[in-house]
Amino acid sequence: MSSIKCVGVLTSGGDAPGMNAAIRAVVRGSIYNNLRVIGIKKGYQGLINDEMEEMFSKSVSNIIQTGGTILKSARSMEFKTKEGRKKAYENLQKRGIDALVVIGGDGTFTGARIFGEEFNIPIVGIPGTIDNDLYGTDYTIGYDTALNTVVQAVDKIRDTATAHSRLFFIEVMGRDAGFLALRSGIASGAEAILVPEIKTDYSQLDRFLQNEYRKTKSSSIVLVAEGDEIGGAIKIAERVGRDHPEYDVRVTILGHIQRGGSPSAFDRVVASQLGVAAVSALLDGQRNIMVGLSDRKVVHTPFNQALKNKKSLNPQLLELTNILSI
Ligand code: ATP
C-alpha cells in the first residue's frame, strides 16, 4: 500500500500543446485512485510562492482540446538556488503534498531530480515539449501538434515560393535537436533539411543548388532547425545568397506559432496515457523517473538516464530526404 495521499502537479519550461490533456489525466487519475490533487501555478516558481489550489474532476472539464496550460508555465531562477528549493519544500509540507508530477522538458527534470534527492520527495516526470528531444520516449507531448502546424505553414509558403520561383529557408524550433525539422521536412516535401546533428549538410545543400535545383525545380524549400551549427535560417540564407547570387532567396522564421493551437488527437492520447501512467508509477513506489512511450507501451526511465543520454535522429528518415528531393 502506498503512503501517498496527495499529489501536486505543475507544468514548467516551454509550454506545449497537450499539456492540458496531461493535467486532466493526472487530476482524474489521482481522483480515481482516491488521492487528493493540488494544481501548482507557474511551474517551480508557484511552488516557491505558494500559488496552488486543490483540483477536482470538474476543474479539468473542457480542456483536453485547448493549447497552452491552465496551470501556466514559467522559468524559475529561484528554484535553481538551495534557498528557493527549501521554500518550495516548506510549502509542499504546509499543503500536505507528498508526491509531485512535473510536466516539462529536460530543464524541468533536472530541477526535479535535484529537488527529489535533496528532500526525499517522490517525483515523476511527463515529457512535454514540442522538440521531442528527450531520451526514453518515442514521443513527447506537443511534438505531433507542432509538426502539423509546421507542415501547414510550409504548404502555404510553398504556394508563394512556386509563384515567384523562390528559394525559401524556413526556420523551425527544436533548440539543439532536429526532430521537428526532419519530420516536418519530409512531410512537406522539403528539398533539403538542415539539422544540428549533421555537420556536413551545407555542402550537400550547395551541391544540390548547383545541380538539381537549376534543372528541375520551380521553387525550393529548405527547412532549418534553429540550432543548426551554421547559425539558423538567416545566417544560412546569407551564405547561400553570397554563394549563389542567381537565386531569389527568402527567409521565414515560424517562431511561437509552433507552440500554440489545439492539440492533435495523437498528442491528446499520448498525454492521457502518460498522465494516468505517472500517477500509477507514484502509487507503485516509483520516484525520480520519467514516464514515456516506447513501441506504444508505457516505459519508465530514471531522470539520470533521460538526462544523460541523447536521443538520436532516425537514420532512415535522414536518408529519405536525399532520395525524395531529386
Ligand atoms: P523546454 O524543453 O520546452 O525548454 P524545459 O523544462 O527544458 O522545457 P527549462 O527552462 O530549461 O525548460 O527548465 C524549466 C525550469 O526547471 C527552470 O526554469 C528551473 O526552474 C528548473 N531547472 C532547470 N535547471 C535546473 C537546475 N539545474 N536546478 C534546479 N532547477 C532547474
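Residues numbered from 1 in each chain as written. Predicted model: local features only at pLDDT ≥ 70, side-chain atom pairs only at ≥ 80, totals over all residues. Heavy atoms only, no water.

- The name that an unreviewed UniProt entry assigns to the protein is ATP-dependent 6-phosphofructokinase, with the source organism given as Thermophagus xiamenensis.
- According to the UniProt record, the Subcellular location (unreviewed entry) comment for the protein reads "Cytoplasm".
- The annotation that UniProt attaches to the protein under Sequence similarities (unreviewed entry) is "Belongs to the phosphofructokinase type A (PFKA) family. ATP-dependent PFK group I subfamily. Prokaryotic clade 'B1' sub-subfamily." (UniProt positions renumbered as here; feature names shortened; annotations may be inferred.)

### Details of the domain arrangement of the protein
In step 1: Here the protein is described as being made up of domain 1 (6-142 + 263-308) and domain 2 (144-259).
In step 2: Computed over C-alpha atoms, the centres of domain 1 and domain 2 are 34 Å apart.
In step 3: Roughly 1200 Å² of surface becomes buried between domain 1 and domain 2 when both sides are summed, with 46% attributable to carbon and sulfur atoms.
In step 4: Of all residues in domain 1, Ile 130, Asp 131 and Asp 133 give up the largest surface area on contact with domain 2, accounting jointly for 43% of the area buried on that side.
In step 5: A salt bridge links Asp 133 to Arg 175, with the shortest nitrogen-to-oxygen separation between them at 3.8 Å.
In step 6: For the pair domain 1 and domain 2, the interface holds nine residue pairs in polar contact (both at pLDDT 80 or more).
In step 7: A breakdown of the residues in the side of domain 1 that touches domain 2 according to their chemical character gives six nonpolar, four polar and six charged. (Domains from an automatic or database assignment. Buried area = accessible area lost by both parts, 1.4 Å probe. Salt bridge = Lys/Arg side-chain N within 4 Å of Asp/Glu carboxyl O. Polar contact = N/O pair within 3.5 Å; in protein donor to acceptor, adjacent residues only side chain to side chain. Nonpolar A, V, L, I, M, F, W, Y, C, P; charged D, E, K, R; others polar.)

### Some thoughts on the packing of helix 6 (residues 179-187) against helix 12 (residues 315-324)
In step 1: Running from amino to carboxyl end, helix 6 crosses helix 12 at an angle of 40°, the nearest separation of the two axes being 10 Å. The angle between helix 6 and helix 12 falls in the class oblique. Classified by chirality, the crossing of helix 12 by helix 6 is left-handed. Facing Leu 182, Arg 183 and Ile 186 of helix 6, the residues of helix 12 in contact are Leu 317, Leu 318, Leu 320 and Thr 321.
In step 2: Here the residues of the contact of helix 6 with helix 12 sort into five nonpolar, one polar and one charged. (Axes fitted to C-alpha atoms, helices over the stretch in contact; angles between N-to-C directions. Helix = DSSP H or I, 4+ residues; strand = E, 2+ residues; numbered from the N terminus. Parallel < 35°, antiparallel > 145°, perpendicular 65-115°, else oblique. Left-handed = near helix turned anticlockwise from the far one by under 90°. Contact = heavy atoms within 4.5 Å.)

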